[in-house]
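# Fold and geometry: a report
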Amino acid sequence: MQLSPAGEGLPDRREDLLSPAAVETLFWQPRFIADPALMLHVPLLFWLAEAARPARLAVLGAGEGAALFALCQALDKLNIAGRCEGIGFWTDARTGAPLASPPGAIRDHARQLYADLAQVRAAADAGAALDGFRDGSLDLLLVDLCRLPAGAAPDLAEWRRVVKRDGLLVLHGIAQSGAAGTGRLIDQGPRLEFPDGAGLALLPQGEDLPPRLRALMRAAPDGVVAGEIGLVFRRLGQGLEAMARQVADAARADAGQKALAAAQKGQAEAEKALAELRDAYDSHSRRLGELQAELFSLRHETDQLHEDLAALTWQLEESRSNEKAQRERAETERATRFRETAALTDYLEELRDGGPALEELRAQLKRSEERNGGLQAELGAARQELESLRAENRRLSDYTAELLNSTSWRITAPMRKVKDTFRG
């Protein structure tokens, strides 16, 4: 029996697409699950990392981080001393403005698990996002066309610029309507297309390919991976896609539960506030009714006061008219009393002037009586005359007393006093 040289006639295990080492990567469990569309191709990314052994990688359009962390996990598990940079075009969910830094979940996962492998940064301009990379500096560049800024045109030349001659350019999202221009470009060179989901294309930059990748390209001469090989990647990817959808659904359900709880809390608070408003409304309605009743009563009282005021005004005018008439009558009566008082005063003055004459007659009578004591006839006549004078004197005295006690005399007392003062 003739033996063949060592290894002669044996298949090259490096070109075995499903060698044990390659198969093991297909069943890795991703540490980071997100973005169902990309999770469909994570088994392929694991397989590609084991087949090509890239050390310098970048993801343009990091999005939710599924591709970035799948490549970082592959570097970690394959013990490849490399570096993977993720560039994202994240925006504020409320304003749509570009974010200055990656979302917290992506930043924290990179720091906790891949601090020595991953670098994540935010960018706003897809055209300038790769300016920091030298020409031919990357072993693998993955561009997620679904995660580029809206309106950004595919720039295949710029993407090829930063990839090494024997490197790989991976495009995800080639089946999207916005990537039609990229589809026409990739048709011009060697490629491997995985049409499932949003579509993924491998674009080798040279002919010196890793053995397993070269074998895969031979298995898909038209550039589309189909048949049993495509079925293997699709079935494994669909499991991860379903898992990602389940995680997303659970997250949405949790968010929905939280939103529902918040809504129920808000509804309870709103109902409580509504009840308080209703109570306040009822209280205000009752108070309004009371105020309206008070207003009606006040209006009635006001009308009554207006009527009373009109009556009082009429009475005041009448009182003023009566007062004026009374004042005129009083002036007239005063003038009359003044004239009467003046006449009485003159009369009293005359009486006062007649007093000394009476005394003189009495003296003469006395002298006559003394002289003619013996003349009885004359004495009788004199007595008669005396009695007559006495009667007149009594009449005058009574009249004088009556006059002195009268109101007019008392009223004119100050005037007489003033007159006596001037006489004295």
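First, a word on what this report is: a plain description of the structure on this page. Nothing here was measured: the structure is a model prediction, and the numbers come from that model.

A few words on the overall build of the chain. When helices and strands are counted, the chain shows twelve helices and seven strands. Residues counted as buried form 32% of the 424 residues belonging to the chain. By element, 53% of the accessible surface of the chain is carried by carbon and sulfur atoms, the whole surface being about 26,400 Å².

Here we take up unusual backbone geometry. If you check the backbone angles, D35 has positive phi at about 55° while not being a glycine. Here D35 is to be found in the loop between helix 1 (20-26) and helix 2 (36-39). A positive phi angle, near 50°, is found at R53, a position not held by glycine. Along the polypeptide, R53 turns up in the loop between helix 3 (42-52) and strand 1 (56-60).

A full pass over the atoms with the stated rule returns 16 salt bridges. Here E50 ties to R212 by a salt bridge, and the two come within 3.2 Å at their closest N and O atoms. A residue pair is termed long-range when its members are at least 10 positions apart, and E50 in helix 3 and R212 in helix 8 (residues 211-219) qualify at 162 residues. For the residue pair E50 and R212, the accessibility class agrees, reading buried in each case. A cluster of three or more residues bridged by salt bridges with shared partners is formed by D35, E64 and R147.

Its location among the elements puts G82 in the loop between helix 4 (66-77) and strand 2 (83-88). Under the relative-accessibility criterion, G82 is labelled buried at 15%. Aside from chain neighbours lying at most four places away, what touches G82 is A55, L75, D116 and L117.

One can describe the packing of helix 3 onto helix 8 by two numbers: an axis separation of 7 Å at closest approach and a directional angle of 125°. Taken together, helix 3 and helix 8 sit at an angle that is classed as oblique. Along its contact with helix 3, which presents W47, L48, E50 and A51, the element helix 8 presents R212, L213 and L216. Broken down by class, the residue content of the contact of helix 3 with helix 8 amounts to five nonpolar, no polar and two charged.

What counts and how
- Residues numbered from 1 in each chain as written.
- Predicted model: local features only at pLDDT ≥ 70, side-chain atom pairs only at ≥ 80, totals over all residues.
- Heavy atoms only, no water.
- Helix = DSSP H or I, 4+ residues; strand = E, 2+ residues; numbered from the N terminus.
- Buried < 20%, exposed > 50% of the residue type's maximum accessible area, 1.4 Å probe, protein only.
- Areas by Shrake-Rupley, 256 points an atom, 1.4 Å probe, with all protein chains shown as cover.
- Salt bridge = Lys/Arg side-chain N within 4 Å of Asp/Glu carboxyl O.
- Contact = heavy atoms within 4.5 Å.
- Axes fitted to C-alpha atoms, helices over the stretch in contact; angles between N-to-C directions.
- Parallel < 35°, antiparallel > 145°, perpendicular 65-115°, else oblique.
- Nonpolar A, V, L, I, M, F, W, Y, C, P; charged D, E, K, R; others polar.

Distances and angles like these do not, on their own, reveal function.
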